[in-house]
Structure formats: structure tokens, C-alpha cells
Amino acid sequence: MVNTLMAGKRAQDWANLVLAVCLFLSPWVIGFAAEPVPTWNAWIAGIVLGALAVAALSAFAEWEEWVNVVIGLWLIVSPWLLGFMANMNAMWTHVILGVLVAALSAWAVWDYRHPHSAA
């Protein structure tokens with residue numbers, strides 16, 4: 001049972017690490033590196049997400065997942081709060097990755113709080 005719980009969390013944390021790398025590289029890959037606001041937002045959020053994913057992989061802590069949920073929500077609303085919603089590439093990159101990060105992190109918290117019974 002413990003191995004199953006840890007495997008699920010590790011998969012979610014590995015996925016968040018991949019999303020963090022994608023977010024960090026997105027200004028170049030998606031093509032909005034010329035705009036500083038969405039670029040810096042992607043870089044900073046990507047670094048923080050990556051650091052939290054590595055920390056969660058080494059020693060799971062529920063607070064790390066909650067911080068990831070907040071970062072995911074920030075990514076969703078940041079195009080409007082920072083004023084780059086007109087750049088569709090940057091806006092949709094932030095929104096989609098934000099939804100994925102928030103969902104994965106909420107799922108990790110759910111798994112932690114609702115352990116699966118051995119079947």
C-alpha cells in the first residue's frame with residue numbers, strides 16, 4: 001500500500017517537473033520570448049515549480065503541493081493580471097500549463113488525504 005501511494009505521488013511530481021521545464025522553455029518554443037512580462041512570468045514560475053517538484057520527489061510534504069496549486073492558479077489568471085492576454089500564444093500556454101499544474105497538485109493532495117485501501 002505504501003509503495004502504491006508513493007508511486008502515485010512520484011508520478012505526479014515527475015509530471016510537475018516536466019511541466020516546469022515546459023513552462024521555462026515555452027517563451028522560446030512557443031514564440032513569445034520577445035515580450036518580457038510573460039517570459040519572466042514563465043521563467044520564475046517554471047523555476048519555482050521545478051524546485052518544488054524536486055523537493056517533493058526527495059521528501060513529500062503536503063505544503064509543497066498546495067504551493068503548486070497556488071502557482072497553477074496564478075498561471076491561469078496571470079495573463080489578465082499582468083496584461084498579456086492579447087498575446088494568444090503566451091496566454092494559452094500559461095492557462096493550459098496552469099490548469100495541468102493545479103490539477104496534478106490537487107490530485108496529489110487528494111491522494112495524500114484519501115489513502116487507497118489494499119484490494
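Residues numbered from 1 in each chain as written. Predicted model: local features only at pLDDT ≥ 70, side-chain atom pairs only at ≥ 80, totals over all residues. Heavy atoms only, no water.

Peer 1: Before we move on, could you go through helix 4 (residues 88-113) and cite the residues and values that matter?
Peer 2: Across its 26 residues, helix 4 extends 37 Å between first and last C-alpha, which sits within 8% of the 38 Å expected from 1.5 Å per residue. The N-cap residue of helix 4 is Asn87: its side-chain oxygen and the backbone nitrogen of Asn89 are 3.1 Å apart. (Helix = DSSP H or I, 4+ residues; strand = E, 2+ residues; numbered from the N terminus. Expected span 1.5 Å × (residues − 1). Polar contact = N/O pair within 3.5 Å; in protein donor to acceptor, adjacent residues only side chain to side chain.)

Peer 1: Let's hear about the environment of Ala106: which residues, and what values?
Peer 2: Position of Ala106 relative to the elements: it lies in helix 4. Taking the C-alpha atoms as reference points, Ala106 and Gly72, separated by 34 residues in sequence, lie 10.0 Å from one another.

Peer 1: Describe the packing of aromatic side chains, listing the residues and the values that go with them.
Peer 2: Enumeration over the complete set of coordinates arrives at four aromatic pairs. Summarising the aromatic geometry, the rings of Trp40 and Trp43 are spaced 5.0 Å apart at their centres and angled 80° between planes, so their arrangement reads as edge-to-face. Placement of both Trp40 and Trp43 in helix 2 (residues 36-58) is noted, with a separation of three residues, approximately one turn of the helix. Since its relative accessible area comes to 18%, Trp43 is described here as buried. The structure contains a cluster of three or more aromatic residues connected by ring pairs, namely Phe24, Trp28, Trp40 and Trp43. (Phe/Tyr/Trp six-rings, centres within 6.5 Å; stacked < 30°, edge-to-face > 60°. Buried < 20%, exposed > 50% of the residue type's maximum accessible area, 1.4 Å probe, protein only.)

Peer 1: Mind laying out the environment of Gly72, listing which residues take part and the relevant values?
Peer 2: Inspection of the secondary structure assignment puts Gly72 in helix 3 (residues 62-81). Remark: the alpha-carbon pair of Gly72 and Leu97, spanning 25 residues in sequence, is separated by 7.3 Å. In this structure Gly72 touches Gly98, Val101 and Ala102, once residues within four positions along its chain are discounted. (Contact = heavy atoms within 4.5 Å.)

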